[in-house]
Amino acid sequence: MPAARTLNDVPSILETLEPWISKFNAALLVCSFGGAFLIYKTIIYPRYVNPLRHIPGPKGSWTSGQVFVLEAGEPGIPFREWIKEYGPIVRFTGFFGAERVVLTRPEALQKILTSDWMDYPRPMFLRNVLGTVAGYGLLTVTGDVHRRMRKAMNPAFSLTSLGAQMDTFHDVTDTLVKIMGTMVDIAPSSTGAVFPVYGLVSKATLDMICLASFGYRTDSLNNPDNELANAYDNLMALQDGRTLLLSMIIFSIPGFSAYVNSEFGYKTKDIFFGWSSDGERLVKLVDTMHRIRAVSRQILKEKLAEASQFGLSEVQEKRDIMSILIREREAEKAQLGGGNITMNNQAMMDQVLTFLTAGHDTTASSITWTLWLLANDQDTQQRLREEVTAVFEANPRPEYRELKDLPWLDSVVMESVRLMPAAPVSTRYVTKTGVIDGHVIPAGTHILIPIRAINTNKDVWGPDAEEFHPSRWFNLPPEVQKNMNMNFLSFLAGPHSCIGKTMSLMETKAAIAKLVMIFVFEPTHSGQVAHPIGAVTMKPADGMPLRVRRVEPAKSI
């Protein structure tokens with residue numbers, strides 16, 4: 001009887017277990033689908049389906065790909081080595097098999113940067129990073145918004161407008177020369193003073209951009225406690241591969257950029273991030289950008305109040321870029337009857353941030369790398385000194401065209417920004433599947449434009465492409481001349497090319513010419529090696545210490 005009772009109880013037992021069996025089956029089904037999907041994504045798709053599978057490139061684990069290789073490497077150099085090994089198109093992966101393609105051929109770059117540029121915007125994580133540190137201005141917007149914004153800003157960057165800024169550049173350079181001269185004169189050694197030049201140059205370019213862009217005097221060269229300069233010192237200290245890696249991860253989280261840019265994000269940063277060393281980087285970033293934005297709001301507030309108080313007649317006489325933008329804005333208002341204008345207050349605020357961050361950091365890097373390259377080539381430095389000295393003796397404050405027409409100065413600066421571009425890599429996102437360079441590139445792929453590698457491609461620039469030879473600019477190789485815009489990308493190309501290119505070159509030439517005329521720059525010791533690092537822009541990790549001494553006066557015979 002007990003056995004019979006047990007058999008009779010089976011249906012009820014099964015009925016009791018049915019919900020659990022259903023849940024088990026559901027879990028098994030989910031795991032099966034998950035496992036199948038994982039097998040498909042990690043084995044079947046990359047090996048047998050992925051249209052990128054035939055593109056050569058370095059192998060890496062599915063979890064991290066080549067991420068940590070790029071983090072540890074010198075900016076732009078891993079790409080250059082891969083191109084040498086695998087050819088002009090390279091495939092690699094990021095986290096969890098995310099596809100990345102490196103392109104270098106001019107035809108492919110032309111498609112991405114110029115002809116079909118709207119199909120290849122910057123990826124969202126990069127736009128969020130740039131938006132946080134440089135405002136949601138020209139660097140981040142795309143499509144029709146970018147086209148309208150650039151059109152509104154073009155008058156401010158005309159040669160006529162920028163030529164009026166030469167006195168500003170000379171004033172700041174004179175201050176820089178005075179400070180460096182004091183450091184040299186008090187040095188105990190007759191061989192000159194040794195100090196890192198990047199910090200001083202960065203303060204000088206910040207002073208230049210604030211005066212030229214907003215008519216705002218920071219005087220950070222003379223005021224070491226300047227809030228804006230200190231904030232940017234902190235921001236530049238965060239520029240390394242580790243910060244870039246963290247930014248790629250955390251700024252990909254939906255809503256994160258809005259959070260860190262908010263007042264709530266500023267007040268809660270220590271609670272959420274202050275418990276780890278990587279979190280401390282984010283705390284420092286949020287705190288620094290909060291301070292920079294506060295100063296930026298004040299700058300914009302003062303400019304708008306000035307326009308409101310004195311009217312356009314007063315603003316018409318101002319030569320700084322922001323005053324020109326205000327004039328353009330008022331003209332657009334009149335034309336549209338006060339409708340949806342391009343440069344509203346928020347757009348103006350974003351441009352202030354863009355000018356401050358992108359406008360001074362990139363030029364500071366260019367000037368610093370030029371001094372480093374000249375320090376290691378005394379013959380070139382002396383030839384440049386002779387050229388610029390003749391000009392300054394005739395006119396202590398030469399105009400833009402006087403400096404622009406100096407062939408050796410132009411060659412030195414162009415060669416410097418070719419070898420050491422401020423931004424060594426640029427990234428684009430494929431919005432729709434298409435054929436590039438003979439390969440089907442699926443939507444969702446990230447395209448890497450290795451600017452530093454393209455600028456030093458030996459197949460294009462010759463066997464000495466990785467060396468500093470300014471004379472090459474007097475007779476560029478035929479391969480370069482075939483498509484100069486795509487073989488020299490220090491300022492990018494197409495609609496997203498650097499709107500401040502001419503301004504940056506003007507600042508760089510004005511500073512280099514005056515500094516080289518007065519000082520001799522040398523390495524601190526035999527065998528000194530530069531240590532470039534960078535998250536978005538490339539700067540020296542050690543601040544670029546150089547030995548600096550005054551030029552000895554020519555001896556009369």
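Note that this is a predicted model, so its numbers are computed, not measured.

What counts and how
Residues numbered from 1 in each chain as written. Predicted model: local features only at pLDDT ≥ 70, side-chain atom pairs only at ≥ 80, totals over all residues. Heavy atoms only, no water. Pairing = 2+ DSSP bridges. Helix = DSSP H or I, 4+ residues; strand = E, 2+ residues; numbered from the N terminus. Axes fitted to C-alpha atoms, helices over the stretch in contact; angles between N-to-C directions. Contact = heavy atoms within 4.5 Å. pLDDT = per-residue confidence, 0-100. Phe/Tyr/Trp six-rings, centres within 6.5 Å; stacked < 30°, edge-to-face > 60°. Buried < 20%, exposed > 50% of the residue type's maximum accessible area, 1.4 Å probe, protein only. Lys NZ or Arg CZ within 6 Å of the ring centre and 35° of its normal. Salt bridge = Lys/Arg side-chain N within 4 Å of Asp/Glu carboxyl O. Patch = residues over 30% accessible without salt bridge, like charges linked within 9 Å, V, L, I, M, F, W, Y side chains within 5 Å. Areas by Shrake-Rupley, 256 points an atom, 1.4 Å probe, with all protein chains shown as cover. Polar contact = N/O pair within 3.5 Å; in protein donor to acceptor, adjacent residues only side chain to side chain. Parallel < 35°, antiparallel > 145°, perpendicular 65-115°, else oblique. Nonpolar A, V, L, I, M, F, W, Y, C, P; charged D, E, K, R; others polar. Disulfide = S-S within 2.5 Å.

Caption draft 1: Representation of the sheet that holds strand S8 (residues 519-522). With antiparallel pairing, three strands are arranged side by side in an open sheet as S3-S11-S8. Unpaired on one side and paired on the other, strand S3 (193-196) and S8 mark the two borders of the sheet. Taking the axes of each pair of neighbouring strands and ignoring which way they run, one obtains an average angle of 35° across the sheet. Relative to strand S11 (residues 545-550), S8 runs antiparallel, the two being bridged by four bridges. Following the sheet pairing, Phe-521 is matched in S11 by Val-548. Contacting S8 and S11, helix H24 (residues 501-518) crosses the sheet at an angle of about 95° to S8.

Caption draft 2: Quick peek at the confidence of the model for the chain. Averaged over the chain, the pLDDT score is 87; the fraction of residues at 70 or greater is 91%. When pLDDT is averaged over each helix and strand of the chain, the minimum, 67, is found for helix H1 (residues 2-49) and the maximum, 98, for helix H19 (residues 407-419).

Caption draft 3: The arrangement of the packing of aromatic side chains in detail. Summed over all chains, the structure comprises 17 aromatic pairs. Both rings, one in Trp-473 and one in Phe-488, keep their centres 5.4 Å apart while their planes meet at 75°; by these two values the pair is edge-to-face. Of this pair, Trp-473 sits in the loop between helix H21 (458-461) and helix H22 (478-482) while Phe-488 sits in the loop between helix H23 (484-487) and H24, placing them 15 residues apart in sequence. The burial state of Trp-473 is the same as that of Phe-488; both residues are buried. Ring pairing ties together the aromatic residues Phe-251, Phe-256, Tyr-259, Phe-264, Phe-272 and Phe-273, which thus form one cluster. Directly above the aromatic system of Tyr-266 lies the positively charged group of Lys-269, at a separation of 4.1 Å from the ring centroid. Just above the ring of Trp-461 sits the side chain of Arg-418; from NZ or CZ to the centre is 5.0 Å.

Caption draft 4: Seen up close, the pattern of salt bridges. Counted under the stated rule, the structure contains 25 salt bridges. For the salt bridge of Lys-84 with Glu-81, the shortest nitrogen-to-oxygen distance reads 3.6 Å. A residue pair is termed a helical-turn pair when its members lie 3 or 4 positions apart in one helix, as Lys-84 and Glu-81 do in helix H3 (residues 77-86) at three residues. For Arg-147, the salt bridge identified is with Asp-144, shortest N-O distance 2.4 Å. Of the two residues, Arg-147 and Asp-144 both sit in helix H6 (residues 143-153), three residues apart, roughly one turn of that helix. The partly exposed category is assigned to Arg-147, whose relative accessible area is 42%. Several salt bridges converge on common partners, so that one network encompasses Asp-167, Asp-171, Asp-174, Arg-397 and Lys-514.

Caption draft 5: Structural view of the environment of Gly-192. Looking at where Gly-192 falls in the secondary structure, it is placed in the loop between helix H8 (166-185) and S3. Taking the C-alpha atoms as reference points, Gly-192 and Asn-154, separated by 38 residues in sequence, lie 44 Å from one another. Discounting chain neighbours no more than four positions away, the residues touching Gly-192 are Ala-187, Arg-547, Val-548 and Arg-549.

Caption draft 6: Inspection of the sheet that holds strand S4 (residues 426-429) at higher detail. The four strands are arranged S1-S2-S7-S4 in an open sheet whose pairing can be described as mixed. The open sheet terminates on both sides in strands that have one partner only, identified here as strand S1 (89-93) and S4. The sheet shows a mean angle of 25° between the axes of neighbouring strands, taken without regard to direction. Pairing geometry for S1 and strand S2 (residues 99-103), over five bridges, is antiparallel. Within S2, the position partnered with Arg-91 by the bridge is Val-101.

Caption draft 7: Geometry of a nonpolar patch on the surface. Residues Ile-39, Tyr-40, Ile-43, Ile-44, Tyr-48 and Val-49 make up a contiguous nonpolar surface patch of about 530 Å² in total accessible area. Counting through the fold element by element, Ile-39 comes out in helix H1.

Caption draft 8: Looking closely at the side chain of Arg-418. Here Arg-418 lies in helix H19. For Arg-418, the side chain forms a polar contact with the side chain of Glu-415, separated by 2.9 Å. Within the local environment of Arg-418, its side chain forms a polar contact with the backbone oxygen of Ala-465, the two atoms lying 2.8 Å apart. The contacts of Arg-418, once residues within four sequence positions are left out, are Asn-455, Thr-456, Trp-461, Ala-465, Glu-467, Arg-472, Trp-473, Phe-488 and Ser-490.

Caption draft 9: Summary view of the packing of helix H17 (residues 378-394) against H24. Between H17 and H24, the shortest axis-to-axis distance is 8 Å and the interhelical angle comes to 105°. Between H17 and H24, the angle is such that the two are roughly perpendicular. Residue-level contacts link Gln-381, Leu-384, Arg-385, Val-388, Thr-389 and Phe-392 of H17 to Ile-512, Ala-513, Lys-514, Val-516 and Met-517 of H24. Residues that form the contact of H17 with H24 fall into these classes: seven nonpolar, two polar and two charged.

Caption draft 10: Representation of the state of the cysteines in the model. If you walk through the whole model with that rule in mind, you get zero disulfides. The thiol sulfur of Cys-210 is not disulfide-bonded, and the nearest other cysteine sulfur, from Cys-498, lies at 17 Å. Judged by relative accessible area, which is 38%, Cys-498 ranks as partly exposed.

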